[in-house]
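A closer look at the structure
Here is what each chain is made of, one letter per residue.
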Amino acid sequence: MNDHFSAPKGNFRGHDQQKVWQQQPDPELTEVGPGTPCGEYLRRFWMPVAMTDQIGDLPYRLRILGEDLVLFREKKEGKLGLTHLHCCHRNMSLEFGIVEEGGIRCSYHGWKYGLDGTILETPCEPPASQVKKKACLGAYPVIEYKGLAFAFMGPPDEQPPFPVMDTFDEGGDELVPYLIKSPCNWLQVMENAWDPFHVVYLHTLAVRSQFIDAFAEMPMIEFHDSQTGDFYTNVRRVEDIVWVRIHDHMLPSFTQNGGHFPVPDEPRYFGRCGLSRWITPIDDTNTMVIAWRHFRDASANDDPKGLTDKSKVGFGMTDFYGQDPDRPYEMRQRDPGDYDAWVSQGPRNIHARENLSFTDRGVAKARRLLRNAIRALKDGQSPPQPTDGFAGQVIPTYAGDTMLRIPLQDGRDDGAVLKEISHQVAEIYKSGDHLQGEARKTFIVDALKKYEASWS
């Protein structure tokens, strides 16, 4: 028989995998609607729901955690209101409502609602009508902060203080918001930040260097607990520079990373983050990344090669590669980015099909922490908040880049040296938690310089 028609030889096991492909998504971690365990957990936190420049003189329709809502700016004091989409009279959508002083009016029969959903007026009802006392419109509190609208969608008596991180208000730092939607479950997007090893391959070795060449060096990753959550140190050696890159993680979905385009060629002490980011679920199969890009003045040396571009940051876009679908499909195939990685896992990734390995320990930890927190809430325990222990204060964070000039040490394994440095730098960072603002920065920088000098 002609070899051209011979069946290929090999260990083909597609048919054997049929049971694996019959597995279903994990509802405990991926379902976010009202009454679901994960959805109720997420509702215990302030989360961003929109960029405020999306809100003009008309109501803005949106969907958050599986609920259809309308966001509007009332006309007296300019305060934001967030209510359920449908008028509680006859269910006409309030996206067609009339925004007025102090609230919003349904254009069907004129019922007017205050920012808290209280019925203020029912003009078509007789004077004796008691309907205003019997009904109300569902509404949520909103805080407007630096171009983002944050909502709390949990029980009113469990509303926590609004968390303000130390990176939200630094001198010489401009916060530029952006929002990008992804057609997939929130967890797929959130977990990407807990996976530092994808930077080596996806962003550097797979096709080209999408950020900087130094990311091709396999990092040493160590995870550290803090008062507010978790952070990891991502340590590389670039000749005689030991580069300690730190990412913050706070449940349920807040992350901060290091700078986007740093150059590890000279010492740097306690450089701060390039991105503060939340993952806000729209529903089970749609998600928003809502974030601030940080643009600091030249003295911060965040972007020595001039690769940032604030004009490209906004609704549906940001200034670093691969975060949205606005590239031709062929380009995405030839040079995929983060968006392609998390969206291509499917509308809801099925964890039973995965084979997690050593480099996935961050993802495994995120799932474990999240699952434990969800179950604790079901058992009646209120989830820890970033503000716990920092009443009335800004919350210390760690994300950014430190670069220390520490040459190779004669007679010592460099892996052991890098691990030691990662833990020492983490402890130096945490040791400044009792301080605020410039005092904390000065304390950490001085400690890092002293530590660097101890290696000479």
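Scroll up a little and you will see the structure.
Presented here is a report on the structure given in the accompanying data block. (Residues numbered from 1 in each chain as written. Predicted model: local features only at pLDDT ≥ 70, side-chain atom pairs only at ≥ 80, totals over all residues. Heavy atoms only, no water.)

Digging into the overall build of the protein
Worth spelling out the cut-off: Only DSSP runs of H or I covering at least 4 residues are called helices, and only runs of E covering at least 2 are called strands; the numbering of each starts at the N terminus. In this description the radius of gyration comes from C-alpha coordinates, and the expected globular size is given by 2.2 Å times residues to the power 0.38. The classification of residues rests on relative accessible area computed with a 1.4 Å probe and restricted to protein chains. Under 20% of the type maximum is buried, over 50% is exposed, and intermediate values are partly exposed. Residues are treated as being in contact if the distance between any of their heavy atoms lies within 4.5 Å. Under the convention used here, a 1.4 Å probe and the Shrake-Rupley method define accessible areas, while residue burial counts only the protein chains that appear. We treat Lys and Arg as the positive residues and Asp and Glu as the negative residues; His and chain ends play no part in the count. Charge placement uses NZ in Lys and CZ in Arg. For Asp and Glu, CG and CD serve respectively.
Within the protein, the regular secondary structure consists of 10 helices and 20 strands. Scaling as 2.2 N^0.38, a compact globule of 456 residues should have a C-alpha radius of gyration of about 23 Å, and the protein matches this with 25 Å. Here the protein, with 456 residues, has 53% of them falling under the buried criterion. Taking as baseline every contact in the protein between residues at least 6 positions apart, the subset at least 24 positions apart corresponds to 62%. Accessible area of the protein: about 21400 Å², with a carbon and sulfur share of 51%. Considering the protein, the positive charge centre built from 51 side chains and the negative charge centre built from 65 side chains are found 4 Å apart.

Structural notes on the pairing of strand 14 (residues 230–238)
Rule in force here: Following DSSP output, two strands are said to pair if at least two bridges run between them.
Of all nine residues that make up strand 14, eight are buried, and the element is covered over most of its length. The antiparallel pairing of strand 13 (residues 220–225) with strand 14 creates a hairpin that spans four residues between the two strands. Where strand 14 and strand 15 (residues 241–250) come together, nine bridges link them in antiparallel fashion. Along strand 15, the bridge assignment pairs Tyr232 with His247. Hairpin remark: strand 14 followed by strand 15, antiparallel, with two residues in the connecting loop; positive phi at Glu239, about 60°.

Focus on unusual backbone geometry
One can expect most non-glycine residues to show negative phi and most peptide bonds to be in trans. Residue Pro252 is bonded to the preceding Leu251 through a cis peptide linkage, with omega at 5°. Secondary-structure assignment places Pro252 in the loop between strand 15 and strand 16 (254–257). Even without being a glycine, Glu239 presents a positive backbone phi close to 60°. Topologically, Glu239 is positioned in the loop between strand 14 and strand 15.

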